[in-house]
Amino acid sequence: SSGDLYAVYLNPSFGRDSSEALRRYHEGILALREEGFPFDAADPTFISDDLVGKITEEAPRGALLILLFLTGASLILIKPWYRGAVVLGHLLGSLLVLAGLLWLIGIRLNVINIAVLPVILGTGIDSFIHLGQKLDENGLLPEALRTEAPPILVSNLTTLVGFGGLIFTSSAGLRSAGWIAALGILVVTFFCL
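Residues numbered from 1 in each chain as written. Predicted model: local features only at pLDDT ≥ 70, side-chain atom pairs only at ≥ 80, totals over all residues. Heavy atoms only, no water.

Colleague: Help me out: how do you make sense of the overall build of the chain in this one?
Modeller: When its secondary structure is counted, the chain shows 6 helices and 0 strands. Walking the chain from its N terminus toward its C terminus, one meets helices and strands in the order α-α-α-α-α-α. Residues classed as buried in the chain amount to 28% of the 193 residues present. Pairs at least 24 apart in sequence give 61% of the contacts found in the chain among residues at least 6 apart. Surface summary for the chain: the accessible area is close to 12400 Å², and the carbon and sulfur share equals 68%. (Helix = DSSP H or I, 4+ residues; strand = E, 2+ residues; numbered from the N terminus. Buried < 20%, exposed > 50% of the residue type's maximum accessible area, 1.4 Å probe, protein only. Contact = heavy atoms within 4.5 Å. Areas by Shrake-Rupley, 256 points an atom, 1.4 Å probe, with all protein chains shown as cover.)

So this is what it looks like as structure tokens:
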């Protein structure tokens, strides 16, 4: 009887590094279910596709919460408040420039590379705070840049080299994380200095 029939599908023949291929595979299998072929999917590809779908659904709300937190933290913790506003403006500007660069070179955010964004934001905030403190000490922007630019560049270069090494891995997800980290750190360093 048809109730005793089971099918097992092993080893999909496409590369799992493409979210588009995963989505097409997932939709094709679900189309079989809609045609009346009952089954329970146990393939990890379904989990990956569901995870990407959830991230896509939650991304706008998550981005809004991150921006609200970043705004509140910048304005409350960085004194005086107008310096917090300047830092926040530069960070948001650097994220917009980074988004444009990623769009131009065709790198899309995914489950792996999106985790690099907090590192980029943290690097930017750290650079701005060091420069701001030096400016508070002597009140002269050229002097603050002369004394703080070299340490900021060296510090950000070490972070860039560490994460940029991911560019040379065989995993497409890790390579994209390396590119986002390298570009993001370059952009926030440029905006800071």
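Colleague: Is there a simple way to explain the confidence of the model for the chain in this structure?
Modeller: Residues shown with low pLDDT carry predicted positions that ought not to be read at fine detail. Here the chain averages 80 in pLDDT, while 82% of its residues score no lower than 70. Taken element by element, the chain is modelled with least confidence in helix α1 (residues 19-34), mean pLDDT 75, and with most confidence in helix α6 (residues 172-192), mean pLDDT 90. (pLDDT = per-residue confidence, 0-100.)

Colleague: Help me out: how do you make sense of the packing of helix α3 (residues 81-105) against helix α4 (residues 117-138) in this one?
Modeller: The packing of two helices is summarised by the inter-axis angle and the distance between the axes. Here α3 crosses α4 at 145 degrees, and the two axes come no closer than 10 Å. α4 is crossed by α3, and the crossing has right-handed handedness. Between α3 and α4, the contacting residues are Arg83, Val87, His90, Leu91, Leu95 and Leu98 on the first element and Leu117, Ile120, Leu121, Gly124, Ile125, Phe128, Gly132, Leu135 and Asp136 on the second. (Axes fitted to C-alpha atoms, helices over the stretch in contact; angles between N-to-C directions. Left-handed = near helix turned anticlockwise from the far one by under 90°.)

Colleague: How should I be thinking about the environment of Gly162 in this particular structure?
Modeller: By secondary structure assignment, the location of Gly162 is in helix α5 (residues 141-164). Judged by its relative accessible area of 52%, Gly162 falls in the exposed class.

Colleague: Would you explain the side chain of Ser176 in this entry?
Modeller: The topology assignment puts Ser176 in helix α6. Sequence-distant contacts of Ser176, that is, excluding residues within four places in its chain, are made with Ile107, Asn110 and Asn113.

Colleague: For this particular structure, what's the right way to read the nonpolar core?
Modeller: In summary, soluble globular proteins display a tendency toward joint burial of nonpolar side chains. Residues Leu70, Ile78, Val87, Leu88, Leu91, Leu121, Phe128, Leu131, Ala144, Ile152 and Cys192 constitute the largest nonpolar core, which totals 11 residues. Looking at this core, the elements with two or more residues in it are α3, α4 and α5. Setting aside residues no more than four positions away along its own chain, Leu121 makes contact with Leu70, Leu91 and Leu95. Core analysis: the second largest hydrophobic core is formed by 10 residues, Leu98, Leu102, Ile107 and Ala177 among them. (Core = buried A, V, L, I, M, F, W, Y, C linked by side-chain atoms within 4.5 Å.)

Colleague: Even after reading the chapter, I still don't get the packing of aromatic side chains, so can you show me in this structure?
Modeller: In this description, a pair of aromatic rings is defined by centroid distance and the angle of the planes. As enumerated under the stated definition, the model contains 2 aromatic pairs in all. Ring centres 6.2 Å apart and planes at 80 degrees place the aromatic pair Trp81 and Tyr82 in the edge-to-face group. The exposure class of Trp81 is exposed, given its relative accessible area of 59%. (Phe/Tyr/Trp six-rings, centres within 6.5 Å; stacked < 30°, edge-to-face > 60°.)

Colleague: Would you mind showing me how to read the side chain of Glu148 here?
Modeller: Following the sequence through the fold, Glu148 ends up in helix α5. Buried and unpaired, Glu148 has Lys134 as its nearest opposite-charge partner, separated by 4.2 Å. Look past the residues within four positions of Glu148 in its chain and what remains in contact with it is His130, Leu131 and Lys134. (Lys, Arg positive; Asp, Glu negative; His and termini not counted. Salt bridge = Lys/Arg side-chain N within 4 Å of Asp/Glu carboxyl O.)

Colleague: Explanation requested: the packing of α4 against α6 in the structure shown.
Modeller: At their nearest, the axes of α4 and α6 sit 9 Å apart, and the two run at 20 degrees to each other. Regarding the angle of α4 to α6, the classification is roughly parallel. In the crossing of α4 with α6, the sense of the turn from one axis to the other is right-handed. Here Leu117, Ile120, Thr123, Gly124, Ser127, Phe128 and Leu131 of α4 lie close against α6, whose contacting residues are Ile180, Ala181, Gly184, Ile185, Val188, Phe191 and Cys192. (Parallel < 35°, antiparallel > 145°, perpendicular 65-115°, else oblique.)

Colleague: I tried to follow the environment of Ile125 on my own but got confused; where do I start?
Modeller: Structurally, the position occupied by Ile125 is in helix α4. In this structure Ile125 comes out as partly exposed when scored by relative accessible area, which is 23%. In the structure, Ile125 is positioned 41 residues away from Gly84 in sequence and 9.7 Å away in space, judged by C-alpha atoms. Leave out the neighbours within four places in its chain, and Ile125 touches Leu70 and Leu91.

Colleague: Just checking my understanding: could you explain unusual backbone geometry for this structure?
Modeller: The phi angle of most residues is negative, glycine excepted, and most peptide bonds adopt the trans form. The linkage connecting Lys79 with the following residue, Pro80, adopts the cis geometry, with an omega of -10 degrees. Position of Pro80 among the secondary structure elements: in the loop between α2 (44-77) and α3.

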